[in-house]
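# Results of the structural survey
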Amino acid sequence: MESALVSRSVGSSFAAGAAAPRGCLPRPSRVATLSRAPARPLRAGPKDSILEVLAQDDMLNAAELVQWENGKSVNSIAASQGIRIRRHCRPTASLKEIEEELGAPHNILEKIIWDKEIEVAEGLAKKPLKEVMEAAAKAPPSRDFYGALEAAYKRNGVPALIAEVKKASPSRGLLRENFNPVEIAKAYEKNGAACLSILTDEKYFQGSFENLEKVRASGVKCPLLCKEFVIDKWQIYNARSKGADAVLLIAAVLPDLDIKYFLRICKELGMTALIEVHDEREMERVLNINGVKLIGINNRSLETFVVDTANTKMLLEKHGDSIREKGILVVGESGLFTPDDVAYVQNAGVSAVLVGESLVKQEDPGRAIAGLFGKELVH
Ligand SMILES: O=C(O)c1ccccc1NCC(=O)[C@H](O)[C@H](O)COP(=O)(O)O
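Scoring rules and cut-offs
- Residues numbered from 1 in each chain as written.
- Predicted model: local features only at pLDDT ≥ 70, side-chain atom pairs only at ≥ 80, totals over all residues.
- Heavy atoms only, no water.
- UniProt positions renumbered as here; feature names shortened; annotations may be inferred.
- Near = heavy atom within 4 Å.
- Polar contact = N/O pair within 3.5 Å; in protein donor to acceptor, adjacent residues only side chain to side chain.
- Areas by Shrake-Rupley, 256 points an atom, 1.4 Å probe, with all protein chains shown as cover.
- Nonpolar A, V, L, I, M, F, W, Y, C, P; charged D, E, K, R; others polar.
- Helix = DSSP H or I, 4+ residues; strand = E, 2+ residues; numbered from the N terminus.
- Buried < 20%, exposed > 50% of the residue type's maximum accessible area, 1.4 Å probe, protein only.
- Phe/Tyr/Trp six-rings, centres within 6.5 Å; stacked < 30°, edge-to-face > 60°.
- Lys NZ or Arg CZ within 6 Å of the ring centre and 35° of its normal.
- Salt bridge = Lys/Arg side-chain N within 4 Å of Asp/Glu carboxyl O.

Going by an unreviewed UniProt entry, the chain carries the name indole-3-glycerol-phosphate synthase and comes from Panicum hallii var. hallii. In UniProt, the chain has this text filed under Pathway (unreviewed entry): "Amino-acid biosynthesis; L-tryptophan biosynthesis; L-tryptophan from chorismate: step 4/5." Under the UniProt heading Catalytic activity (unreviewed entry), the note attached to the chain is "1-(2-carboxyphenylamino)-1-deoxy-D-ribulose 5-phosphate + H(+) = (1S,2R)-1-C-(indol-3-yl)glycerol 3-phosphate + CO2 + H2O".

Pasting the structure below:
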């Protein structure tokens, strides 16, 4: 598994095909001796030695890395950041063996992540990192997901729409019997969606990477978000290789160092990272990470499924000033059904919304967009 915390050497994390060490055990690293220094752009000026440059790298100097060097496990580092989702770090074990060690998963999100660890290990075994990196490098250039949201917000005066191609979900079960992802994607685009979100998780959402590839190949021009549970860099390269322009990074799952590491990979690949938060602790963590441009506030707790749009309002009342100062664009996610819901999150300060259920359940998901916003959206 190649998250930053389980990577063999963070300093060489971009090396093609770097071997993935087993497990999430604490590991000594050669970067431990680098001193802390104020963050500066990672660029060697004429007088900077490479060590000075590395010492300014906030990822290499992250508190987590120091904790890790001092023998803390990935789960205890995560817990120290308020992350309740545990990793089993045993991708070759059966779920039965994992449950014998850790007990039953505490909630659906933890269960999804435990399955995902096994799924990613299987994916890596079938298609090694080097291969997905090469495939990502050969993919057609990425589209500007962030720019499309910004432009649509200016154009329409209502939050830009990220319309979700979603067949089923753990909280609602099957949302649409007659599910044709390309038809739905085209209808969303025609009716003014700025970007699309394509669920790729098979087990819990009945999505697939095939759907993502089909939508990309269909002539749809909207930038595409790969809606996945990312825990490993392999998934980001894989998403890019299949035509994704953006990926979702969930703060309830990923420690800060992983978010920083994955943000770098996204930047290298020209992709946008949508960083999802649900509560104040997650928001504070994410606002302390350099380079975050897009934050999604999920109104749905992924642990309990409770949906409450007041969550967006509460978090923006507390953190709106700092978000505006940093020029971060906010997406309101989940549980939006009516023009009043959209107006409510817009007044709270969001510039974009991510909507699945209320569109995909309608007979004509494209026409449903005007119903959701109370007006037609233009491209
Ligand atoms: O939708 C779920 O039940 C769910 C369960 C566990 C993890 C994630 C889940 N959903 C992901 C999302 O956040 C939504 O698909 C997205 O925000 C759209 O929400 P909605 O408009 O309510 O379908």
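Still to come is the rest of the account.
### A short note on the site of the ligand
The full set close to the ligand counts 19 residues, and E164, K166, S171, S334 and G356 are the nearest of them. At a separation of 2.7 Å, an oxygen atom of the ligand approaches a polar side-chain atom of S334. Burial of the ligand by the protein amounts to 98% of the accessible area it has alone, namely 520 Å². Here the residues of the shell around the ligand are counted per class, giving 7 nonpolar, 6 polar and 6 charged.

### Details of unusual backbone geometry
Backbone geometry at F305 places phi at a positive 75 degrees, although glycine is not the residue there. Considering the arrangement of structural elements, one finds F305 in the loop between β8 (294-298) and α13 (310-325). Using a relative accessible area of 30% as the deciding quantity, one classes F305 as partly exposed. Residues other than glycine seldom take positive phi values, yet S334 does so here, at roughly 80 degrees. Tracing the chain through its elements places S334 in the loop between β9 (329-333) and α14 (339-348). Given the relative accessible area of 12%, S334 is considered buried.

### Remarks on the packing of aromatic side chains
Under the criterion given, the structure shown has 2 aromatic pairs. Directly above the aromatic system of Y146 lies the positively charged group of K293, at a separation of 4.2 Å from the ring centroid.

### Here we look at the UniProt feature "domain: Indole-3-glycerol phosphate synthase" (unreviewed entry) in the chain
Under the UniProt annotation, "domain: Indole-3-glycerol phosphate synthase" (unreviewed entry) lies at residues 109-370. Across residues 109-370, the secondary structure splits into 47% helix and 17% strand, with the terminal C-alpha atoms separated by 32 Å.

### What to know about the pattern of salt bridges
Summed over the entire model, instances satisfying the criterion amount to 21 salt bridges. A salt bridge links K116 to E228; the nearest nitrogen and oxygen atoms lie 3.0 Å apart. Taken together, the residues span a long stretch of sequence, with K116 in helix α5 (residues 108-126) and E228 in the loop between β5 (224-227) and α10 (233-241) at a distance of 112 residues. As far as burial versus exposure is concerned, K116 and E228 are alike and both buried. Ionic pairing is found between R324 and D321, a salt bridge with its closest N-O pair at 2.9 Å. Placement of both R324 and D321 in helix α13 is noted, with a separation of 3 residues, approximately one turn of the helix. In this structure, R324 and D321 share a single accessibility class: exposed. Here the salt bridges share partners, and the residues they tie into one network are K116, E119, D201 and E228.

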